[in-house]
Every structure is written in C-alpha cells, then in structure tokens.
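Breakdown of the fold
Here is what each chain is made of, one letter per residue.
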Amino acid sequence: MWGVLGVIAVFSIMFLIVYSIREAEKKEQLDQELASFIESKNMELTQKFETKDQSIVAVDENKQVVYFLIPSANPVKSVGDYKLFQLDYQDIMEAEVKIDGETITKTSRGSQLAGAALGGLLAGGAGAVIGGLSGGTKSSDKVQSVQLHVVINNTQHPFHSFEFLTIPDVKKKEAQYKLAFDKVMHWQSLFKVIIGIADKKDKETIADLQHADSLADELRKMHELFSDGIISQEEYDVQRKRMLN
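Side note on the nonpolar core
Membership of the largest hydrophobic core comes to 32 residues, with the highest contact counts inside it found for Phe68 and Phe191. The set of elements that each furnish at least two residues to this core consists of β2 (56-60), β3 (65-71), β4 (82-88), β5 (92-99), β8 (146-152) and α3 (175-227). Those residues in contact with Phe68, other than ones at most four positions away along the chain, are Ile56, Val57, Lys83, Leu84, Phe85, Leu87, Val150, Ile152, His160, Phe162 and Phe191. Ile38, Met43, Ile56 and Tyr67 belong to the second largest nonpolar core, which has nine residues in total.

What about the pairing of strand β1 (residues 47-50)?
Successive side chains on a regular strand alternate, one facing one side of the sheet and the next facing the other. Going residue by residue along β1, you find Gln47 and Phe49 tucked away on one face and Lys48 and Glu50 left uncovered on the opposite face. Of the pairings in the sheet, the one linking β1 to β2 comprises four bridges and is antiparallel in character. Looking at β2, one finds that Phe49 is bridged to Val57. Between β1 and β2, which pair antiparallel one after the other, the connecting turn spans five residues, and Gln54 there sits at a positive phi close to 70 degrees.

Looking at unusual backbone geometry
The phi angle at Asp100 is positive, at roughly 50 degrees, despite the residue not being glycine. Checked against the element boundaries, Asp100 lands in the loop between β5 and β6 (102-108). A positive phi angle, near 60 degrees, is found at Asp169, a position not held by glycine. Using a relative accessible area of 43% as the deciding quantity, one classes Asp169 as partly exposed.

Some thoughts on the pattern of salt bridges
In total, this model carries three salt bridges according to the counting rule given. Among the salt bridges present, the one from Asp169 reaches Lys142, with a minimum N-O distance of 4.0 Å. Of this pair, Asp169 sits in the loop between β9 (159-163) and β10 (170-171) while Lys142 sits in strand β7 (residues 142-143), and the two are 27 residues apart along the sequence. Overlapping salt bridges, with partners in common, bring together Arg109, Asp199 and Asp202 in one network.

Details of the side chain of Ser55
Residue position: Ser55 is located in the loop between β1 and β2. In contact with Ser55, not counting residues within four places along its chain, are Phe49, Glu50, Leu69, Ile70, Pro71 and Phe162.

Concerning the confidence of the model for the protein chain
Mean pLDDT over the protein chain stands at 78; residues scoring 70 or higher make up 72%. For the protein chain, the element scoring lowest by mean pLDDT is helix α2 (residues 112-118), at 44; β8 scores highest, at 96. Throughout residues 111-137 the model reports pLDDT below 50, and contacts reaching past four residues in sequence, or to other chains, amount to 47 contacts.

The rules behind the values
- Residues numbered from 1 in each chain as written.
- Predicted model: local features only at pLDDT ≥ 70, side-chain atom pairs only at ≥ 80, totals over all residues.
- Heavy atoms only, no water.
- Core = buried A, V, L, I, M, F, W, Y, C linked by side-chain atoms within 4.5 Å.
- Buried < 20%, exposed > 50% of the residue type's maximum accessible area, 1.4 Å probe, protein only.
- Helix = DSSP H or I, 4+ residues; strand = E, 2+ residues; numbered from the N terminus.
- Contact = heavy atoms within 4.5 Å.
- Pairing = 2+ DSSP bridges.
- Salt bridge = Lys/Arg side-chain N within 4 Å of Asp/Glu carboxyl O.
- pLDDT = per-residue confidence, 0-100.

See below:
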C-alpha cells in the first residue's frame, strides 16, 4: 500500500515541477512579448506594477501618460489578448484603496472641468479620505484582498481594479500583507500627485478662458467707443495693441 502511495506522491511532485516549469516559460514568453509591445508603442515606463492576473498599470512621467494593460479571460495569454488604455493625466478621475472591500483612502478630481467630465458621478473633493489607515477598518487580523480602484474618463470602461495581494487570507503582521499595503499606498500616492497635476492644469485652463473672455469684453467696449466717435482711430489702435500684448 505504501508503495502505491509513494508512486502517487512521486508522480504528484513531478507533475507540480513540470507545471511550474511550463508556467514559468509562459510567463517569460509573455514578458518578452510585452517588452517588445511596449517598445513598439514608444512607451517609456518610469513606474510599472503587474498584478497576479497580469494586469499592468504603468506611468510615463516624462510624457505625463498613464497606461493600463488589461488581459482578456483567455487562459493562454498573449499580447494580442490585452486591451491597452493610454490615458493623459487629466483622464484619471479617481483613485481609491480598498482592503477587503472597505475604503481606506480616496482621491478624486476637484476642479470644475473634472466635475463636468464626471457628470456628477463622483462625490467628494480632491484628497477626500474615507476612514483612517487604522481606525474604522474591519477588526479581523487576516486580509483577503488589497485593491486599487481607478476611475477614468472613458464611458465604455470607466472603472479598473488592480489587486496588490498575491495570496489571500494573510495576517496583517505578515510580510506579504505589509509589502502589498506599501505598494498600494505608493500607487495611491502617485495617483494623488497625478490628479493634483491635472487639477492644476484645469485651473490654469479656466483662468486662461476667463482672461480671454474678459479681454474680448474690453475689446468690444473699446470698439464701441471708437464707433461712437468718443475716441479716435489712433487712440483705438493704441489701446487695442496694449490689450493684445
């Protein structure tokens, strides 16, 4: 009896070894394909994170572009099975950290233009914090998931979730949870910076539009004064040149 069990155990171990080798080879091939794909798209990834299901979130800080590579449900993945989302910083609407489904922290776009783009979908201003990092969270000392949820300005695929915990049912004091928590908070902080940059651009755009509108009003008033004969052509030209410069 023990002889049969021993043979089964040996075959099981061999199967696991072969399976692990094949999975590693598939992963290496996919990594090579992704590297070639990234190079072909001229992506200069300054920061990148790959989840357990091989979803990828990456940032090109020089071009101020965010990339999502989302795999299909096909178990035999290739680069052709991925959907690429190329996003300007201003396309990032919200970033939220959830641990076991509970919101830990959330940052949303706070500018007027972002609010118009969201169409009232999101609540709260930039940097809104829902609960603390310790208080208000579930009391269990084990964690099933550590996720980053990102809302983007895309009506077809507005929501994306990235899992940072590779193994569920991990104790909070274990290194795997601490590593996942540190990584997800790094990316949350990065998206907070990205959203801040986008909000600043929006405010600058609004200020430029307001200035242009004010200038147009002044030019119209000056032209009316000239048309009514209150100021001369020379005075009008001098004032117009001053305002446009």
